Structure formats: structure tokens, C-alpha cells
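Notes for the structure review
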Amino acid sequence: MNHRRHAEPLPLGSAEQPFSKGLMARALVAVGVPAVRAYELARRVDGDLTQRGEQTVDLGRLEEFAMEILGEEDGVAAVRRLRRYGDLQELDLPVILLIGGSTGTGKSTVATESAYRLGITRVTSTDFVRQTMRAFFSQEFMPSIHYSSFEAAAALRQPEQAEDPVIAGFLEQTRNVLVGVRASVERALQEGWSMVLEGVHLVPGMLPRIEGALVAQCVLAIDDPEVHSGNFMIRDTGSNGLRPHSKYIDRLDDIRRIQDHIVSRAHRHGVPVIENADIEGAIRQVIELVLEAAEEVQRV
């Protein structure tokens, strides 16, 4: 395999590596089983193997225990996702997961946790790309990248000619940043690396088609303005004031206008929009998108 991710076979046990309830619980959590239930199920399987003096479990018996612990419907669904997760691990393609959305929608949290569950070690953001580009291109040469996405209207040379300067500035910045994003993705593909890329600049329809990888793309959104506003308070606290709450609240209307534009383009280009009112639920949906993409690749 040429994809650089921490791929492991399903932890069902083997002659070389006996069943591990820790590895099984981790795999179950990766496919969306709540942690407490995942460990309960893994312990149930471990106890059964010990009682029978065996070191491996097949998916059929695992499904029986899953229905017992999780309920019939959830148990069958969990084992189905686990089987698809195993197929993904064996797929000889790098995975490129793209998570877009406006400022404050939880992209970095969802991206980091999704990468961990998928065994992907390379996680980056379009803001990191933008910051890197700022070191090479002066404000006079490329002004848009020297502002936050919702402030980029200040870089427009003729803002009065734009129907919506906030959106026009954001899109100009996006076009510039995507030059660096394309280079980052191409480098990953050349090296056979899987990666998770998150950022406001991953606007559906603006990133060229990526060949030679399993690609899954989604957009995160927050419908409730109060929830969206609350996320900036959390960012403020988590960054020790480096990302002050007031800066974002003062521009919340602009940030949400950018969100509306991104979501509209997502619907137009068939990119799934995930409402991120619940982080764990959003992560499960992102993982499901990757598993569905893997299933689609294997059908071709």
C-alpha cells in the first residue's frame, strides 16, 4: 500500500495477534459507537473468547453481541460500518478528506478527531496555507491574504463595484489561497500521504478535481446564530485571548453571510452539508461519508 496512514486490519484477533478488547473498542468508537457502549461490547466479546478458550471472533458472532448490547438495529448498523471500515483500511489509495465551512463552525475539532479515528496523521488547514503565503507575498502584491476571511473586503481595489463586498473579498482571498492548497494536496498525492484538510476556503466548486485518491468532501454549518456566537467564546478561552471573542461577534453577520454563500454552493455542487450542533454527531457523519466513498470506489 502506498497511503501513509495508520491502517490496521479489523481487530478480530489472529494467531499472530490475539483479540484485544482495547483495539476492538477503539475500532468501534471510530465507526460511531459511543465509547461506553464500545468498551462494554469489547469486554463482552473478550469474556466469550476467554470462556471458549479462543483468540479470534468472526463478524457474525460479533454482530450477535452487538445486537445484545446496542439493540438489534444499532448493533447490525455498527457491524456493517465496522466491515466497511475494514475495507477502507485495505484500500490501496490515499484518503483526502476536505472539511469546509465558515469561521466558527467547529472545522478544526471535527477534522482532528476524524483524522484520529481514520488513522490519518496529516491534518492541515487553509488558514495555515494562507499564513505561509503571507510570508512570501507582500500586502502590496497580494492584499487579500493579509486579512481574515470575513475582513477581506478591505483588500478590494474597487469595493463599490461589488454587489456584496464581503463575499467578493472572501472569494478573491479564496482564489489566492487555493493556489497554495492545490500545491499542498499535490505534494501529499506525490508522496502517497492521506490527509485531512479543513478551512473556510474549501468552497464547493472552486477546488479542482483531485485524481488518484479517495476524496470525501463536506461543509459544516451552524443554523442557530446563538450557538455560532457561543463557539467564538470557546475559541477565545481556548486561545488565551489570541482569538478575541469580540472580533468575531462584531462581524457575526458577515461571517454568517459567508456561511450562507458556502452552503448555497454546496447544495449546488452536491456537497453534503452537516449541521454541527453536536460535535460527536458531526464526526460520525464525516466518518460515514468516507466509508461511503470507499464503498463507491470498490464498486467501480
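Residues numbered from 1 in each chain as written. Predicted model: local features only at pLDDT ≥ 70, side-chain atom pairs only at ≥ 80, totals over all residues. Heavy atoms only, no water.

**Thoughts on the pattern of salt bridges**
As enumerated under the stated definition, the model contains 19 salt bridges in all. The closest approach of N and O atoms between Glu295 and Arg84, which form a salt bridge, is 3.5 Å. In this pair, Glu295 sits in helix α11 (residues 279–299) while Arg84 sits in helix α4 (residues 72–90), placing the two residues 211 residues apart along the sequence. Here the salt bridges share partners, and the residues they tie into one network are Asp48, Arg52, Glu54 and Arg61. (Salt bridge = Lys/Arg side-chain N within 4 Å of Asp/Glu carboxyl O. Helix = DSSP H or I, 4+ residues; strand = E, 2+ residues; numbered from the N terminus.)

**Here we look at the side chain of Thr105**
Checked against the element boundaries, Thr105 lands in the loop between β1 (95–100) and α5 (107–118). Look at Thr105 and you get buried, because its relative accessible area is 0%. At a separation of 2.9 Å, a polar atom in the side chain of Thr105 contacts the main-chain carbonyl oxygen of Ser102. Among all residues touching Thr105, those that are not within four sequence positions of it are Leu220, Ala221, Ile222, His228, Asn231, Gln259 and Asn276. (Buried < 20%, exposed > 50% of the residue type's maximum accessible area, 1.4 Å probe, protein only. Polar contact = N/O pair within 3.5 Å; in protein donor to acceptor, adjacent residues only side chain to side chain. Contact = heavy atoms within 4.5 Å.)

**A few points about the packing of aromatic side chains**
With the rule as written, the count across this model stands at three aromatic pairs. Taken together, a centroid distance of 5.0 Å and an interplanar angle of 0 degrees make the contact between Phe232 and Tyr248 stacked. Here the residue Phe232 occupies a position in helix α8 (residues 225–238), and Tyr248 occupies one in helix α9 (residues 245–249), the gap between them amounting to 16 residues. We note that Phe232, like Tyr248, is buried. Within the aromatic cluster, the residues linked to one another by ring pairs are Phe150, Phe232 and Tyr248. Seen from the ring of Trp193, Arg122 lies directly overhead, with NZ or CZ sitting 4.6 Å from the centre. (Phe/Tyr/Trp six-rings, centres within 6.5 Å; stacked < 30°, edge-to-face > 60°. Lys NZ or Arg CZ within 6 Å of the ring centre and 35° of its normal.)

**Let's talk about the environment of Thr132**
With respect to the helices and strands, the residue Thr132 is situated in helix α6 (residues 126–134). Once the C-alpha coordinates of Thr132 and Gly22 are considered, the two residues, 110 residues apart in sequence, prove to be 39 Å apart.

**A closer look at the packing of helix α3 (residues 59–70) against α4**
As a packed pair, α3 and α4 sit with axes 7 Å apart at the nearest point and diverge in direction by 140 degrees. What the angle tells us is that α3 and α4 run oblique. Crossing angle aside, the handedness with which α3 passes α4 is right-handed. Counting all contacts with α3, which are made through Leu59, Leu62, Glu63, Ala66, Met67 and Leu70, the residues of α4 involved are Glu72, Asp74, Gly75, Val76, Ala78, Val79, Leu82 and Arg83. Of the residues contributing to the contact of α3 with α4, the split by class is nine nonpolar, one polar and four charged. (Axes fitted to C-alpha atoms, helices over the stretch in contact; angles between N-to-C directions. Parallel < 35°, antiparallel > 145°, perpendicular 65-115°, else oblique. Left-handed = near helix turned anticlockwise from the far one by under 90°. Nonpolar A, V, L, I, M, F, W, Y, C, P; charged D, E, K, R; others polar.)

**Let's talk about the pairing of strand β3 (residues 195–198)**
Side chains of β3 alternate between two faces, with Met195 and Leu197 and Val196 and Glu198 buried alike. Of the pairings in the sheet, the one linking β1 to β3 comprises four bridges and is parallel in character. When the sheet's bridge partners are listed, Ile99 is paired in β3 with Glu198. Where strand β2 (residues 123–125) meets β3, three bridges bridge the pair, whose relative direction is parallel. Bridged to Thr124 within β3 is Leu197. (Pairing = 2+ DSSP bridges.)

By themselves, these figures tell us nothing about what the structure is for.
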